[in-house]
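Descriptive structure summary
Here are the chains, one letter per residue:
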Amino acid sequence: MKKAKDYLIFPLDVPTYDDAIRYVELLNKYVGIFKVGLELFVSVGPKILNAIKERSDAGIFLDLKFHDIPATVKGAFLAASAYGVTFTTVHCDEGKDLLRSVVDNNPSGIKILAITALTSLASKNLKELGYQDKYIADITELVMLKARMAKEAGCSGVVCSGLEVEKVKTELGKDFIAVTPGIRPRWSIVGKDDQKRIITPDQAIKRGADYIVVGRPIRCAEKPIEAAKRVLGEIESAISE
Ligand code: C5P
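Residues numbered from 1 in each chain as written. Predicted model: local features only at pLDDT ≥ 70, side-chain atom pairs only at ≥ 80, totals over all residues. Heavy atoms only, no water.

**Regarding the side chain of threonine 116**
Position of threonine 116 among the secondary structure elements: in the loop between β5 (111-115) and α6 (123-128). A polar side-chain atom of threonine 116 sits 2.6 Å from the main-chain carbonyl oxygen of valine 159. Each residue touching threonine 116, except ones within four places of it in the same chain, is listed here: Val143, Lys146, Ala147, Val158, Val159 and Cys160. (Helix = DSSP H or I, 4+ residues; strand = E, 2+ residues; numbered from the N terminus. Polar contact = N/O pair within 3.5 Å; in protein donor to acceptor, adjacent residues only side chain to side chain. Contact = heavy atoms within 4.5 Å.)

**A look at the site of the ligand**
Among the 16 residues in the neighbourhood of the ligand, the closest are listed as Asp13, Lys35, Thr119, Arg184 and Arg216. Between the ligand and aspartate 63, the relevant distance is 3.5 Å, taken from an oxygen atom to a side-chain nitrogen or oxygen of the residue. Within the complex, the protein chains bury 89% of what would otherwise be the 470 Å² of accessible surface of the ligand. Elements supplying a minimum of two residues to the shell around the ligand: β3 (59-66) and α11 (216-219). Considering only residue class, the shell around the ligand consists of 7 nonpolar, 3 polar and 6 charged. (Near = heavy atom within 4 Å. Areas by Shrake-Rupley, 256 points an atom, 1.4 Å probe, with all protein chains shown as cover. Nonpolar A, V, L, I, M, F, W, Y, C, P; charged D, E, K, R; others polar.)

**So, the packing of helix α8 (residues 139-153) against helix α9 (residues 165-172)**
Orientation of α8 relative to α9, taken along the N-to-C sense of each, is 35°, at an axis distance of 10 Å. When you trace α8 past α9, the crossing you get is right-handed. Where α8 abuts α9, its residues Thr140, Glu141, Val143, Met144, Ala147, Arg148 and Lys151 lie against Lys167, Val168, Glu171 and Leu172. (Axes fitted to C-alpha atoms, helices over the stretch in contact; angles between N-to-C directions. Left-handed = near helix turned anticlockwise from the far one by under 90°.)

**Topic: the sheet that holds strand β8 (residues 211-213)**
With respect to topology, 8 strands assemble into a closed barrel ordered β1-β2-β3-β4-β5-β6-β7-β8, the strand pairing being parallel. Neighbour to neighbour, the strand axes of the sheet diverge by 25° on average, direction disregarded. Two elements, strand β6 (residues 157-159) and strand β7 (residues 177-180), share 3 bridges in a ladder whose sense is parallel. Bridge pairing in β7 places valine 159 opposite valine 179. (Pairing = 2+ DSSP bridges.)

**Side note on the packing of aromatic side chains**
Tallying each qualifying case throughout the model produces 4 aromatic pairs. The interplanar angle of 40° and the centroid separation of 5.7 Å between the aromatic rings of phenylalanine 10 and tyrosine 23 together place this pair among those described as tilted. Taken as a pair, phenylalanine 10 in strand β1 (residues 8-11) and tyrosine 23 in helix α1 (residues 17-27) lie far apart in primary sequence, 13 residues in all. Taken individually, phenylalanine 10 and tyrosine 23 each receive the classification buried, so the pair is uniform in this respect. Among the aromatic residues, those joined into a ring-pair cluster are Phe61, Phe87 and Tyr211. The ring of tyrosine 17 is capped by lysine 47, whose NZ or CZ atom sits 5.3 Å from the centre of that ring. (Phe/Tyr/Trp six-rings, centres within 6.5 Å; stacked < 30°, edge-to-face > 60°. Buried < 20%, exposed > 50% of the residue type's maximum accessible area, 1.4 Å probe, protein only. Lys NZ or Arg CZ within 6 Å of the ring centre and 35° of its normal.)

**Describing the nonpolar core**
Val36 and Ile212 are the most contacted members of the largest nonpolar core, which has 73 residues in total. If one sorts the elements of this core by residue count, α8 sits on top with 7 residues. Apart from the residues lying within four places of it in its own chain, the contact partners of isoleucine 212 are Tyr7, Leu8, Ile9, Thr180, Ile183, Pro201, Ala204, Ile205, Val231 and Ile235. Ile9, Phe61, Ile115 and Val179 belong to the second-largest nonpolar core, a separate cluster that totals 11 residues. (Core = buried A, V, L, I, M, F, W, Y, C linked by side-chain atoms within 4.5 Å.)

**Points about the state of the cysteines**
For the coordinates displayed, the defined rule picks out 0 disulfides. Counting only cysteine sulfurs, cysteine 92 is the nearest neighbor of cysteine 155, a cysteine outside any disulfide, at a range of 6.6 Å. Judged by its relative accessible area of 7%, cysteine 155 falls in the buried class. (Disulfide = S-S within 2.5 Å.)

Here is the structure:
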């Protein structure tokens, strides 16, 4: 039975090894998966992955959001697959063939999550990028287009916002994993930031998210442990309904 903590992904969005380890030790009891993203991985390198494993039983999400020509992504993904992590991410934007080439060359069985539309994107940005009007009018349509592609290619799931997660789960099935960032609890002190398509932890879980990524609301809180516990309380109440 999945516990509240198993739903919570904490991104180690910090620039140094010491900062990351401080958060791992502080939040270890409250977090199901630690996410290592571009900032930390580029700064510190793969040694951070072993350092997390030595201090925690939590899973590791290596979130490098691969996006390049298929041969390069395939090579980078194979290198990442040696690290023994639970999840990694690949952008959908190079199409189904790229996703399939990664899925078909996955010796360690990492769960591959496809990035649909970043939660920092809003309709205005899609217009600037030249997307068709139907996607500008409703980003969910764009997320679904990419999520269907990811499922057809054999990915384990997608990263999508809480505004799309219900549709993803309903249409693509309960086993197709949905990871939802852009989480902002009502009490969060994070001011206006880069996240646009946001939702509260309990709403994301109620709409079907398998995991929620909660970074700044915990990291920037005066008391990060208390903030993590509060998020867990909201997850708990959503799963017990
Ligand atoms: O909660 P907060 O906004 O601080 O979370 C930021 C984290 O969410 C970053 O690690 C970022 O990579 C991740 N994220 C994501 N997918 C998105 C948007 C954000 O994984 N679509």
